[in-house]
Amino acid sequence: MNAAATSIHSLNWQDLGAELIFTQDISGKYLSFYWKFAPEYGLNPEQIIGHHWRDIFTPTDAESYQETLMQVVEKRRPQNFYCFFVWKEEALPFELSVTPILRSQSPITSVLVIGSLLDKNAIAKSPQSSQNSSQIIPEDNYQEFITQVARNIHRNPYQNLLSQISRTLRITLDAETIWQETARKLGQELGVSRVLMISCHPNTKVLKVETEYCKQPFKSLLRERLDTRREPYLQQALQTDEPIAIDCVETALFEQKSVLVVSAFYQNKRNALICLQQCDRYRHWNNVEIELMRELADLMGIAIAHANLYKQAKQASEEAAEASRLKSEFLAGTSHELRTPLNGIINFLKFILDDMADDPEEEREFVEQAHKSALHLLNLINDVLDLARIEAGKMEVNFVRFSLNNTFIDLDKKMRPLAEKQGLNFEIQLPETQESIFLYGSHQRLLQVLLNLVGNAIKFTHEGGVTIDVDITRKKVVVNDRECPGMARIRVADTGIGVPLDKQDTLFQKFAQVSGGRTRSYGGTGLGLSISQTLVELMGGKINFFSMGENLGSTVTFTVPLFEITSTG
């Protein structure tokens, strides 16, 4: 051993102010050893010096420890990491700085290790290591080097945790994975009772727990909605950008005794709260833990925002693919629907032209069937043209004053014969009043909506009937820059085949039909409800569909603005 190496092993370690200092050769044998708290743990340095670390004062993660030593020797650069050493069956956590003992023109044969004992409650209880390179130390001034390292060893003991979470955030854009992995790692590393990952939206007083880490036997709060008025520390967290650390919670609705809450932001907008809860004891949150949460919140804010953007983009892509599929099915189905009445027109006219009718009565029947097919074809074409206008944003409504009673009269003329031909009851009920009801909108568009809805009701009903009724809500609304005295709510109810509960959300989608096999035999393009919804909304109203399920009938309600109600007396 040369003079420099000899001097470094014979230094008076107590004078350096470091808590733990020892040297080892590259095989792992302790060459010198000093630990300020050795007497408290019944440890005599003489028991260690000259022995290999595998025999005494042994790192629990031997492979990581040896790997770090070899990296230090090979790269000739210091490394900082964490390690548990076993003494008398107790695992003691240390923060360490390992530095090669450099010798001019000679291979490195030993290392200097400086460190400090960490609070067990503040780090993981499973041994892990992280290597963070620091600056190369001058070869000719060991005393200055040792003093400098001893002065700087008290860095953030959670850097390894932060690095792990950061890696997770970089490799996934799945929001649920981000929530879950962050909560789990925080809970395990910090030894808290709960970690709550809370979604946060502007102007809300109720916060939803998206994910949690929860120790037994404490109550799970997953999917709970936390009222900020009952949890003052959450309300406080929403009013500041800084972490909120409370060692003693005054109101403990969920058993928590100490809490630490931090907000995550993206582009100056709060998008999440991360809440640590200690339920089994009171806990003082130190500056290192608060700083950890501050840094973590910076990472989480960006990660959550990116995950949400990815989710929206993925959802939009899936919706676009589904819309494309539905449009393809619609075009295939519509081409069939168009050919059917057209073939009927051609065939019935050809029967007449070829004198295939046995008598004038049969010839008239052929004409009537051709006429019926022509009207059906016209309705199909009108639906397609209306859809084209809607897609182009050119569907318009001319707002005028018109009579609800007159609209119902026209509806009755067109739909009652069709209903009675199928053996169905058909009833239109007006409010029991002597007043005339005038609406604000378009008579033709309202009639189109009613024909669509009532036509569907008749088509999908085999027995029973169809009922149309209306009631009035007198509450002023503004529609098309005009103040209206209220709304008329029109209801179309049938006793038909109904709609399964899980299919009702798709009814108003363009090109969508509840079930191709179930409804295809009834004909039609499947555009009626979608077009009706657009027309109702253009007239300032809303439309809703309701069915208790298959074979339980259906009800569609929609609203139209009132113009006025006048007395007929």
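Figured I'd write up the structure that's included with this text. (Residues numbered from 1 in each chain as written. Predicted model: local features only at pLDDT ≥ 70, side-chain atom pairs only at ≥ 80, totals over all residues. Heavy atoms only, no water.)

**Some remarks on the pattern of salt bridges**
Per the stated rule, a full pass over the model turns up 17 salt bridges. Glu181 is the partner of Lys185 in a salt bridge, and the nearest nitrogen-oxygen pair spans 3.1 Å. Note that Lys185 and Glu181 are positioned in helix α6 (residues 175-190) at a spacing of four residues, about one turn of the helix. A residue is classified by how much of its surface remains accessible, and Lys185, at 10% relative accessible area, is buried. What makes Glu181 partly exposed here is its relative accessible area of 24%. Of the charged contacts in the structure, one is a salt bridge between Arg364 and Glu368, with a shortest N-O distance of 3.3 Å. Here Arg364 and its partner Glu368 are both found in helix α9 (residues 360-392), four residues apart, which amounts to about one turn of the helix. Assessed through its relative accessible area of 43%, Glu368 is described here as partly exposed. (Salt bridge = Lys/Arg side-chain N within 4 Å of Asp/Glu carboxyl O. Helix = DSSP H or I, 4+ residues; strand = E, 2+ residues; numbered from the N terminus. Buried < 20%, exposed > 50% of the residue type's maximum accessible area, 1.4 Å probe, protein only.)

**Some words on the side chain of Ser263**
Following the sequence through the fold, Ser263 ends up in strand β12 (residues 258-266). Within the structure, the side chain of Ser263 is placed 3.3 Å from the backbone oxygen of Ala237, a separation counted as a polar contact. Of the polar contacts made by the side chain of Ser263, one reaches the side chain of Arg270; its length is 2.8 Å. If sequence neighbours within four positions are ignored, Ser263 has contacts with Ala237, Thr240, Arg270, Ala272, Leu273 and Ala297. (Polar contact = N/O pair within 3.5 Å; in protein donor to acceptor, adjacent residues only side chain to side chain. Contact = heavy atoms within 4.5 Å.)

**Points about unusual backbone geometry**
Geometrically, the link from Gln216 to Pro217 is a cis peptide bond, its omega value of 10° lying close to zero. Even without being glycine, Asn268 reaches a positive phi, approximately 65°. Tracing the backbone shows Asn268 in the loop between β12 and β13 (269-278). Taking relative accessible area as the criterion, Asn268 reaches 76% and is therefore assigned exposed.

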